[in-house]
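# Survey of secondary and tertiary structure
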Amino acid sequence: MKIRTEEFNSIAKKEINNAYARAFLGLLPPIIAMRRVQVMSSFPNPDQALKLSRAIRSESIARLPDLLEEFEQKATKSGAKVLWAKDAQEARKLVLSLIRDRGATFVTKGKSMVTEEIGLNEALEQAQIEPIETDLGEFIAQQLNRPPFHIVGPAINVPVEEIRDLFLREGIMKEDTTDPVQLGYAARIYLRDKFHHIKVGLTGVNMAVAETGTIINVENEGNIRFNKSSPITQISIMTPEKVVPSLRDAMHIIRLLCRSCTGQKISAYVTLDTGPKKAGEIDGPEELYIIIVDNGRSEIYANPRTREVLRCIRCGACLNTCPVYTKIGGYPYGWAYSGPMGQILNPLLLGLDRTQDLYRACTQCGTCRDICPGGIDHPALFLYYRSCDVEGNEKLAGKKRPRSERISFSLWGLAVKNKLLWNTALRLGRFLTKKYSSDGWLTNLGRLFPGWFKERDFPSISDSTFRERWKEMRKGKYGHP
Amino acid sequence: MDTRKEIINRLRSAPRSSSEPRPDVPPLPELALGRSELIQKLMDELTKLEVSCHRVVREEVREKLAEILVGEGITKVIVSNDRIVSAFDLSAWGKERGFMVYRSSDFNDRDTLKRVVFEEVEAGVTGVDFAVAESGTLGIIHDHNQPRLVSLAPVTHIALVPTSKVVPIYEQVVDEVFLKGGNIPSQFTFITGPSMTADIKATPFKGMHGPRRLIAIIYDDD
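Residues numbered from 1 in each chain as written. Chains lettered and ligands numbered in written order. Predicted model: local features only at pLDDT ≥ 70, side-chain atom pairs only at ≥ 80, totals over all residues.

Assigned secondary structure in chain A consists of 22 helices and 13 strands. Dimensions of chain A, computed from C-alpha atoms along their principal axes, come out at roughly 100 × 55 × 50 Å. For chain A, the residues scored as buried account for 49% of the 481 residues in total. Restricting to contacts in chain A with at least 6 residues of sequence separation, those with at least 24 account for 71%. (Helix = DSSP H or I, 4+ residues; strand = E, 2+ residues; numbered from the N terminus. Buried ≥ 20, exposed ≤ 12 C-beta atoms within 10 Å, placed from the backbone. Contact = placed C-beta atoms within 7 Å.)

Structure representation (C-alpha cells):
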C-alpha cells in the first residue's frame, strides 16, 4: 500500500465532497457508537469495567519486557516457534522464506493490521506468492487496492455496483447481482475453495497471554479459524505490545474490545491457540510460527510519553466518535491506521515530518479519550506531537515550522514581554491593518498569513485599547461613573 | 547482537513506569443466578443471537436431532467423537433413521477429513465443554476427538449442550481449561452465534465463512 499521509488535506477535501461516503458516515458510526453504549450497560458498573481494562493495558505496558519473555518461554514450551524481527524488512524476509520453504504458491490471510504496516502483501506478490485476504472487507479492499476505510469495515463504504463489477471482472461470481448477501456468498464460495487447499495460513494476533504462551484471535466471520485449522503451517504475526499478563485479563479485555468495536458482548469466534496441534489430532497446524515484529515499538517504548500509544487494542471505537473521522472517513489518513488511532500511531511509525496534518486534524474534544478501553489520552498526545514538531525533535523527525511562522512567533514572544514594545507594536499594527479592516473584522492581510485567513477572520485591532480608554476615562472624557 | 536481544534490551533499558491501580473485576450479575435461572439466561442469550434452542430431556436428544435434520432437509452429517456425542451412538441412530453419518474418528488423514467437511456433509454435530450464560457462548476444547473443522466447515453446526456444562462467566472457563494444571489444549474456541459479517454496505448476514446456522440442543444430564 502506498503511504499517502502527506496528502491528508487534499484527500480529505475530495472525500468531504463524496456524497455517498458522507451519507454512510452520517449513519453508521453513530449507530455503532449507540450500540456500544447499550451493550456497555450490561455491566452492573460500566465505569469500573472500563477502568479495569485500562488498568490491564497499563500494567501490560509497564511490565512489557518481562511479559514478553514469559510469553516467549511458555509459547516455546508448548511447541510454537517464536521468531523475532527488528523491522518491516526483516519480518517480510522471515515470512517469505517460511512460505517458500513449504512450496506454497498462495497463502490465505486473516485480517492483520501489522501485515499491512509491514507491506507484506506487496512483498509476497513480488515473490510470486499470491496473498489472499479472507476477511470479506479486506478481500474487497485488497482487490480495489485501497487502504481500509474503517478498521472494522475496511470496504464498508464501497458501493455494491462497484463490488459487483469487481467480482464479475475477477471471475469471483458469474451471476449479475447487487444484493449484498449474494455478493457475500459469492466470496464465501470462492474463498472456501482456497481454505480447502491452503498449505500456509497467515493471521494476526489480538492478544498474547504471558501466563500460558497462548495467542488469541477475535473475529466474526470464521476466516481466521479456517486459517488456523486447515493448513499444515500457521504463521501468526504480532507486535510486542499485544502481550497481556493472564488469561483472565485477556477475557476481560475481550469484553471491552467487542463492545467497543461492534457493540457485541463477544464476537462470534474467539480462538485461543497454545502451540501447534498435538499428536493424534487430525486438523490444526503441525507447525505454529509466532513472529514478533518490533518495527519501531521499542523506540516508542523508550519515551514514557509516546509509550502510551502502545496501550491501543485496535477496537476502532475512537473512529466512530471522532468529529473529524466521521466527516472524512478513513482514506485521508493515508495508511493502514485511520481516525484518532491512526493519528497517534502513524506519526510515531512514519515520523512527525511525514504526518504533519494528522496530529493537527483534531478539535481537542476528547471523546476518543473518554471511551478508549486502552486508556489512551489522544488529545494530550497530539499536543505533545505538535510541540515536538515545532521544536524539531530529532528522534520523532520533527520538522519545525516554516521560517516566517517561527519569526512571527519570536517577535510576538518578544513583544508580549515588554510593555513599551507591545504598545508601540499595537499602534503600528492598528495603523498598518486599518485598510484591511471592515465591520470590525480583518478578512485578509494581503499576502500575510494566508493559512489563517483561508479558514477564519481576525477581529480588527480596536481604535483604542482598554488601557487607553482607562486613561481617557480618568481624564473624564467618558464621564465618571 | 541478535534481533531478539536487541529488542528486549531496548525495552529493558527504557525508563520504568508504574501501572495504574487495578480495580476488581466488576461482579457480573450472572454470578448471582441459580441453576435454572442460569440456563434460562443462556437460552435467552442464544436466542438473541438467532441460535435455535431446543430444550429437551436426555432421552429425547436423538429424536430431536432427527427432527431437526428432517426439518432442515439434511441427510449427511459428520459427528465429532467427544464424550458427549459418543454417548448417543449416532452411527447406529443414523442407520435406523436413514441419515449418512460420518464419525470424525473414521478419518486418520487431514485431506480425507477436509474433503468430507468441505464437500460432503451438510452439518457437523459436536458436544460442547462449556456454555457460558454471560453471552450465550459455547466453549469447545479441540483435541483428537474434537477436530477443529467439524464445527466450522459444514454449513450447519448442531451443538449438544448438557446443562451440567453451563457456567456463568468466562473466567470459570479459562480457569478450568488452562490453570488447573492439566494438559492445555492446542486450541480452545469460544463460539457465540453463527458466522457473520456486515462488510458490504453494512448489511448483516449469517454464514460468511463458518456455519450459517447454529442449533443448540440443551438437555438435562444431572
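Let us look at the overall build of chain B. The number of helices and strands found in chain B is 7 helices and 12 strands. Considered along the principal axes of its C-alpha atoms, chain B spans approximately 70 × 45 × 45 Å. The buried share of chain B, reckoned over its 222 residues, is 48%.

Pairing in this open sheet of 8 strands is mixed, and the strands run β8(A)-β5(A)-β6(A)-β9(A)-β9(B)-β6(B)-β5(B)-β8(B) from one edge to the other. Two strands close off the open sheet at either side, each with one partner strand: β8 (243-244) of chain A together with β8 (166-167) of chain B. Relative to β8(A), strand β5 (residues 207-209) of chain A runs parallel, the two sharing 2 bridges. In the strand pairing of β8(A), Val209(A) is matched with Val244(A). (Pairing = 2+ DSSP bridges.)

Moving on to the domain arrangement of chain A. In terms of domain boundaries, chain A breaks down into domain 1 (1-42 + 311-383), domain 2 (48-295) and domain 3 (419-474). Computed over C-alpha atoms, the centres of domain 1 of chain A and domain 3 of chain A are 37 Å apart. (Domains from an automatic or database assignment.)

With that settled, the discussion passes to the interface of chain B and chain A. Each partner contributes to the interface: chain B provides 64 residues, whereas chain A provides 77 residues. Elements with a contribution of two residues or more to the side of chain B that touches chain A: α1 (3-13), α6 (110-120), β6 (137-142), α7 (170-178), β9 (187-191) and β10 (196-197) of chain B.

Our focus in this paragraph is the pairing of strand β9 (residues 269-273) of chain A. For β9(A), the buried fraction is high: 5 of the 5 residues fall into the buried class. Along β9(A), one buried face is formed by Tyr269(A), Thr271(A) and Asp273(A) and the opposite face, lined by Val270(A) and Leu272(A), is buried too. In the sheet, strand β6 (residues 214-219) of chain A pairs with β9(A) via 5 bridges, with the strands oriented antiparallel. Paired with Val218(A) across the two strands is Val270(A), which belongs to β9(A). One ladder, built from 5 bridges, connects β9(A) with β9(B); its direction is antiparallel.

With that settled, the discussion passes to the packing of helix α3 (residues 46-62) of chain A against helix α12 (residues 247-262) of chain A. Residues and elements named next belong to chain A. Where α3 contacts α12, the two axes come as close as 9 Å, and the packing angle between them is 125°. By the angle between their axes, α3 is oblique relative to α12. When you trace α3 past α12, the crossing you get is left-handed. Between α3 and α12, the residues in contact are Ala49, Leu50, Leu52, Ser53 and Ile56 and Asp249, His252, Ile253, Arg255 and Leu256, respectively. A class-by-class count of the residues in the contact of α3 with α12 yields 6 nonpolar, 2 polar and 2 charged. (Axes fitted to C-alpha atoms, helices over the stretch in contact; angles between N-to-C directions. Parallel < 35°, antiparallel > 145°, perpendicular 65-115°, else oblique. Left-handed = near helix turned anticlockwise from the far one by under 90°. Nonpolar A, V, L, I, M, F, W, Y, C, P; charged D, E, K, R; others polar.)

Attention now goes to unusual backbone geometry. Backbone geometry at Asn295(A) places phi at a positive 40°, although glycine is not the residue there. Tracing the backbone shows Asn295(A) in the loop between β10 (287-293) and α13 (297-302). The phi angle at Ala202(B) is positive, at roughly 55°, despite the residue not being glycine. Relative to the helices and strands, Ala202(B) is located in the loop between β10 and β11 (205-206). According to the C-beta neighbour criterion, Ala202(B) is partly exposed, with 16 such atoms within 10 Å.

Looking now at the sheet that holds strand β3 (residues 100-103) of chain B. All names here are of chain B. Strand order in the open sheet made by the 6 strands is β1-β12-β7-β4-β2-β3, with parallel pairing throughout. The two strands at the open ends of the sheet, each matched to only one other strand, are β1 (52-57) and β3. For this sheet, the mean inter-axis angle between neighbouring strands, taken without regard to orientation, is 20°. With 6 bridges connecting them, β1 and strand β12 (residues 213-220) associate as parallel partners.

A word on the environment of Ala159(B). Within the fold, Ala159(B) resides in strand β7 (residues 156-162). When the C-alpha atoms of Ala159(B) and Leu11(B) are compared, they prove to be 46 Å apart, with 148 residues separating the residues in sequence.

Turning our eyes to something else, we now look at the nonpolar core. Residues and elements named next belong to chain A. Residues Ile290 and Ile291 are the most contacted members of the largest nonpolar core, which totals 186 residues. Here this core spans two domains, and each of domain 1 (1-42 + 311-383) and domain 2 (48-295) adds at least three residues to it. Ile291 has contacts with Leu83, Ala85, Ala91, Leu94, Val95, Ile235 and Ile237, leaving out every residue within four places of it along the chain. (Core = buried A, V, L, I, M, F, W, Y, C linked by C-beta atoms within 7 Å.)

Looking now at the environment of Ala85(A). Residue and element names in this part refer to chain A. Residue placement: Ala85 occurs in strand β1 (residues 81-85). The exposure class assigned to Ala85 is buried, which follows from the 23 C-beta atoms found within 10 Å. Ala85 sits 207 residues away from Ile292 along the chain, and the two C-alpha atoms are 6.1 Å apart.

Attention shifts here to the confidence of the model for chain B. Across chain B, the average pLDDT comes to 96, with 100% of residues at or above 70. Interface confidence for the predicted complex, given as ipTM, is 0.98, next to a pTM of 0.94. (pLDDT = per-residue confidence, 0-100.)

Attention now moves to the pairing of strand β2 (residues 106-109) of chain A. Residues and elements named next belong to chain A. The pairing of β2 with strand β3 (residues 130-133) spans 4 bridges and is classified as parallel. Looking at β3, one finds that Lys109 is bridged to Glu133. Examined bridge by bridge, β2 and strand β4 (residues 200-203) share 2 bridges and lie parallel to one another. The partner of Thr108 across the bridge, within β4, is Gly201.

Okay, the packing of α12(A) against α7(B) next. At a minimum axis distance of 9 Å, the contact between α12(A) and α7(B) shows a crossing angle of 150°. For the pair α12(A) and α7(B), the crossing hand works out as right-handed. Residues Leu247(A), Arg248(A) and Met251(A) of α12(A) lie in contact with α7(B), whose contacting residues are Tyr170(B), Glu171(B), Val174(B) and Phe178(B). Here the contact of α12(A) with α7(B) is composed, by residue class, of 5 nonpolar, no polar and 2 charged.

This brings us to the environment of Asn346(A). Residue and element names in this part refer to chain A. Assignment of secondary structure puts Asn346 in helix α16 (residues 339-350). Residues Asn346 and Thr5, spaced 341 residues apart in sequence, show a C-alpha to C-alpha distance of 8.3 Å. Setting aside anything within four residues of it in sequence, one finds Asn346 in contact with Thr5, Tyr333, Trp335, Tyr337, Thr355 and Leu358.

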